[in-house]
Amino acid sequence: AEHIQQICSAQSQSQAELDAIAGSYNSVFLCPKSTSSALLAAGSVVEATKRVCCGEIGKAVCVVRPPGHHALPGCAMGFCLFANVAVAAAEAPPP
């Protein structure tokens, strides 16, 4: 999605540019480390989901920031840059 490319390019932007990008979303604020934080959060949820699905662990809880529960598949929103659970579900191995 276009917003993923925009968020991923944010790590090389000035704060003024980040503020402009954030202004195009609802309740999103960005800083130079926002992209790496969001990618680590989404990756953690994906990894936990894969481990549960393959039976390596019985259950998992991911306490991550940004949490991702307000983002839509094609739009950052509500302090969330990526829809972490949707990303994890899409990446989950088949049962």
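## Describing the overall build of the protein
Then step 1. The helix and strand tally for the protein stands at four helices and zero strands.
Then step 2. Listing each helix as α and each strand as β along the protein from the N terminus yields α-α-α-α.
Then step 3. The dimensions of the protein, computed from C-alpha atoms along their principal axes, are 45 × 20 × 20 Å.
Then step 4. Across the 95 residues of the protein, 31% fall into the buried class.
Then step 5. Sequence-distant contacts, at least 24 apart, represent 51% of the contacts inside the protein between residues at least 6 apart.
Then step 6. Surface exposure of the protein reaches about 5,800 Å², of which carbon and sulfur atoms provide 60%.

## Digging into unusual backbone geometry
Then step 1. For the bond from Arg-65 to Pro-66, the omega torsion is -5°, close enough to zero to count as cis.
Then step 2. At Phe-79, a residue that is not glycine, the phi angle is positive and equals roughly 70°.
Then step 3. Here Phe-79 shows up in the loop between α3 (34-53) and α4 (84-91).

## Details of the side chain of Asn-84
Then step 1. Locating Asn-84 in the fold gives a position in helix α4.
Then step 2. Of the residues examined, Asn-84 reaches a relative accessible area of 2% and is grouped as buried.
Then step 3. Reaching out from Asn-84, the side chain makes a polar contact with the backbone oxygen of Pro-67 at a distance of 2.8 Å.
Then step 4. Setting aside anything within four residues of it in sequence, one finds Asn-84 in contact with Ala-41, Ala-42, Val-45, Val-64, Pro-66, Pro-67 and Gly-68.

## Thoughts on the confidence of the model for the protein
Then step 1. Considering every residue of the protein, the mean pLDDT works out to 93; 100% of them sit at 70 or more.
Then step 2. Per-element confidence in the protein is highest for α3, whose mean pLDDT is 96, and lowest for helix α1 (residues 2-9), whose mean pLDDT is 90.

## Overview of the pattern of salt bridges
Then step 1. In the structure shown here, the tally under the stated rule is two salt bridges.
Then step 2. Glu-56 is paired through a salt bridge with Arg-51; the nearest N and O atoms lie 3.3 Å apart.
Then step 3. What emerges from the salt-bridge pattern is a single network uniting Glu-47, Arg-51 and Glu-56.

## Side note on the state of the cysteines
Note: disulfide means a covalent bond formed between the sulfur atoms of two cysteine side chains.
Then step 1. Inspection of every chain in the model, using the stated rule, returns zero disulfides.
Then step 2. Looking at the unpaired Cys-31, the closest cysteine sulfur is the one in Cys-8, lying at 14 Å.
Then step 3. Here Cys-80 is not disulfide-linked; the sulfur of Cys-75 is the nearest cysteine sulfur, at 11 Å.

## Details of α3
Then step 1. Taking 1.5 Å of rise per residue, 20 residues should cover 28 Å, and α3 covers 29 Å from first to last C-alpha, within 8% of that figure.
Then step 2. Restricting attention to buried positions, one finds in α3 the residues Ser-34, Thr-35, Ala-38, Ala-41, Ala-42, Val-45, Val-46 and Ala-48.
Then step 3. Along its buried surface, α3 packs onto α1 and α4.
Then step 4. Residue Gly-55 follows α3 closely and has a positive phi angle near 85°.

Calculation criteria
Residues numbered from 1 in each chain as written. Predicted model: local features only at pLDDT ≥ 70, side-chain atom pairs only at ≥ 80, totals over all residues. Heavy atoms only, no water. Helix = DSSP H or I, 4+ residues; strand = E, 2+ residues; numbered from the N terminus. Buried < 20%, exposed > 50% of the residue type's maximum accessible area, 1.4 Å probe, protein only. Contact = heavy atoms within 4.5 Å. Areas by Shrake-Rupley, 256 points an atom, 1.4 Å probe, with all protein chains shown as cover. Polar contact = N/O pair within 3.5 Å; in protein donor to acceptor, adjacent residues only side chain to side chain. pLDDT = per-residue confidence, 0-100. Salt bridge = Lys/Arg side-chain N within 4 Å of Asp/Glu carboxyl O. Disulfide = S-S within 2.5 Å. Expected span 1.5 Å × (residues − 1).

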